[in-house]
Amino acid sequence: MKTPVPDYLEEILSSCAHETSGALADYIPELANVDPDQLAVAVCTTNGSLYCAGDADNAFTIQSISKAFVYALALQEHGVDAVVKRIGVEPSGEPFNELSLEAGSGRPLNPMINAGALTCHALIGGPDCDPDERFEKVRQGLSAFADRELDVDEAVFESELADAYRNSAIANMLRSYGVIDGDPADVVRGYTRQCSLRVTTRDLARMAATLAHGGVQPATGERVVDTDVVRQVLSVMMTCGMYDAAGDWMTSCGFPAKSGVSGGILGALSGQVGLATFSPRLDDHGNSVRGITLCRRLSRDMGLHIM
Ligand code: DON
């Protein structure tokens, strides 16, 4: 792997600065109010060296990128076998907010779609955990990956929760199959808060580097999750992280990644590097347009494609 230098990161940002295609996510009203021209990239090596360019300190909500980390926390708490019994590992080939449950069992197809992510959230702390305590475990877990105390963007949280009819429908369906326990409304609230955790591109690169470093946060040396957990998470990110664009992503970028509707993309290559991009305009799959362009460049220039 060739190590990137700051000038290089500036250069790849300016090479895609002119791209204005795509649209802001507007199903969460607060997300439609952001500056669409924000653009950032950050790369963090497994020894903790961080390189970034552009708006890498601008905050945005983590959204679906949280799904990979809460999956890791659920695996760490309950073990791989127990979690796989509840949530599958097969790509759905469908948009993130489809029901995508296995016929008969009601088991969500994977943890990166909303059905699987709601189930993952519900697993944290076990069935008797108080919902606020569960969210706090999630917040602390993600903060350990980032080596920084993360907090909630309350405006985005309220904005999404007020209109969370589809996720409520999914959670109620999961409850009807017995896939989740407790009150579905609590699970939707906790999951929505999880998605509203505020991060920067710099934070995401650090979180990615913790995955690339086998679960050990490079700066603190803290083991956040075990290596078998990381292996499971990166494998599922590889096949399901970019939803119905997973095949296109695999062929063009070729490293495990996860996107979010606020415009972040996080990628990690085991033993090598964690990286993140941020640009809020999205394609039809809900993935950042300029983020994908940047990741293609990074993959090509740094030799990140696993093939
Ligand atoms: O569940 C939702 O609708 C969002 N809070 C998260 C969706 C998301 O980020 C999908 N990713 N591209």
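Throughout, residues of each chain are indexed from 1 in the direction in which the sequence is written. Selection of residues for local features in this predicted model requires a pLDDT of at least 70, selection of side-chain atom pairs for listing and counting requires 80 or more, and totals for whole chains, interfaces and linings are taken over all residues.

In the nomenclature of an unreviewed UniProt entry, the chain is known as Glutaminase of Yimella lutea. UniProt positions are given in the numbering used here, feature names are shortened, and annotations may be inferred rather than shown by experiment. Turning to the chain, the UniProt record has this under Subunit (unreviewed entry): "Homotetramer." Comment text from UniProt for the chain, heading Catalytic activity (unreviewed entry), reads "L-glutamine + H2O = L-glutamate + NH4(+)".

Caption draft 1: Spotlight on the overall build of the chain. In terms of regular secondary structure, the chain is built from 12 helices and 7 strands. Restricting the calculation to C-alpha atoms gives the radius of gyration, and the globule rule supplies 2.2 Å times the number of residues raised to the power 0.38. Taking 19 Å as the expected radius of gyration for a compact globule of 307 residues, we find that the chain reaches 18 Å, a close match to that expectation. Along the three orthogonal principal directions, the C-alpha set of the chain runs to about 55 × 40 × 35 Å. Remark: C-beta atoms are placed from the backbone, and a residue is labelled buried if 20 or more other C-beta atoms sit within 10 Å of its own, exposed if 12 or fewer do, or partly exposed between those counts. Here the chain, with 307 residues, has 55% of them falling under the buried criterion. With C-beta atoms placed from the backbone, a contact is any residue pair whose C-beta atoms sit within 7 Å. In the chain, once contacts between residues fewer than 6 apart in sequence are set aside, the share between residues at least 24 apart is 68%. Helix and strand assignments come from DSSP, with helices taken as H or I runs of at least 4 residues and strands as E runs of at least 2, each series counted from the N terminus.

Caption draft 2: Examining the site of the ligand more closely. We call a residue near a molecule or strand when the C-beta position, derived from backbone atoms, sits within 6 Å of it. Taken together, Gln 63, Ser 64, Phe 96, Asn 97, Asn 114, Glu 160, Asn 167, Cys 195, Ser 259, Gly 260, Val 261 and Gly 286 make up the full set of residues near the ligand. When residues are grouped by polarity, Ala, Val, Leu, Ile, Met, Phe, Trp, Tyr, Cys and Pro land in nonpolar, Asp, Glu, Lys and Arg in charged, and all others, Gly among them, in polar. Residue composition of the shell around the ligand, grouped by class: 3 nonpolar, 8 polar and 1 charged. Start and end positions for the domains come from either an automated domain assignment or a database one. Formed jointly, the shell around the ligand draws a minimum of three residues from each of two domains, domain 1 (6-60 + 200-302) and domain 2 (65-195).

Caption draft 3: Highlighting the environment of Ile 65. Here Ile 65 shows up in helix α2 (residues 65-78). Not counting chain neighbours up to four residues away, the residues in contact with Ile 65 comprise Leu 204, Lys 258, Ser 259, Gly 260, Gly 264 and Leu 266.

Caption draft 4: Inspection of unusual backbone geometry at higher detail. At Gln 63, a residue that is not glycine, the phi angle is positive and equals roughly 50°. Positionally, Gln 63 belongs in the loop between β3 (60-61) and α2. On the basis of neighbour counts, which here come to 26 C-beta atoms within 10 Å, the residue Gln 63 falls in the buried class. Although it is not a glycine, Asp 147 adopts a positive phi angle of roughly 60°. Looking at the element boundaries, Asp 147 is found in the loop between α5 (131-146) and α6 (154-161).

Caption draft 5: View of the UniProt feature "binding site: substrate" (unreviewed entry) in the chain. As annotated by UniProt and renumbered to match this structure, "binding site: substrate" (unreviewed entry) occupies Ser 64, Asn 114, Glu 160, Asn 167, Tyr 191, Tyr 243 and Val 261. By the secondary structure assignment, Ser 64 is in the loop between β3 and α2. Judged by the 24 C-beta atoms lying within 10 Å of it, Ser 64 is buried. What Ser 64 contacts, discounting residues up to four positions off in sequence, is Phe 96, Cys 195, Lys 258, Ser 259, Gly 260 and Val 261. Its location among the elements puts Tyr 191 in helix α8 (residues 184-195). Contact partners of Tyr 191, with chain neighbours within four places excluded, come to Ala 117, Leu 118, His 121 and Asn 167.

Caption draft 6: Representation of the nonpolar core within the structure. Only buried residues count toward a nonpolar core: Ala, Val, Leu, Ile, Met, Phe, Trp, Tyr and Cys, linked into one set through C-beta atoms within 7 Å. One finds Ala 42, Leu 118, Ala 205, Ala 208 and Val 233 to be the most contacted residues of the largest nonpolar core, which totals 99 residues. Considering each element in turn, this core owes the most residues, 9 residues, to α2. Ignoring sequence-local partners within four residues, the contact set of Leu 118 consists of Asn 167, Ile 170, Ala 171, Leu 174, Ile 180, Val 187, Val 188 and Tyr 191.

Caption draft 7: Inspection of the confidence of the model for the chain at higher detail. The predictor attaches a confidence to each residue, and that confidence, scored 0 to 100, is pLDDT. Chain-level pLDDT for the chain is 95 on average; 98% of the residues reach the 70-or-more range. For this predicted complex, the interface confidence reaches an ipTM of 0.97, while the overall pTM sits at 0.96.

Caption draft 8: Fine view of the pairing of strand β7 (residues 273-278). Where burial is concerned, most of β7 is hidden: 6 out of the 6 residues are buried. Every second residue of β7 is oriented toward a common face, with Val 273, Leu 275 and Thr 277 on one face and Gly 274, Ala 276 and Phe 278 on the other, all of them buried. Between any two strands, pairing holds if DSSP finds at least two bridges. Across 6 bridges, strand β1 (residues 40-45) lies against β7 in antiparallel orientation. Across the sheet, the residue bridging to Val 41 is Thr 277, located in β7. The pairing of strand β6 (residues 264-269) with β7 spans 6 bridges and is classified as antiparallel. Note that in β7 the partner of Leu 266 across the bridge is Ala 276. Hairpin connection between β6 and β7: a loop of 3 residues separates the two successive antiparallel strands, and Gly 271 in this loop has a positive phi of roughly 75°.

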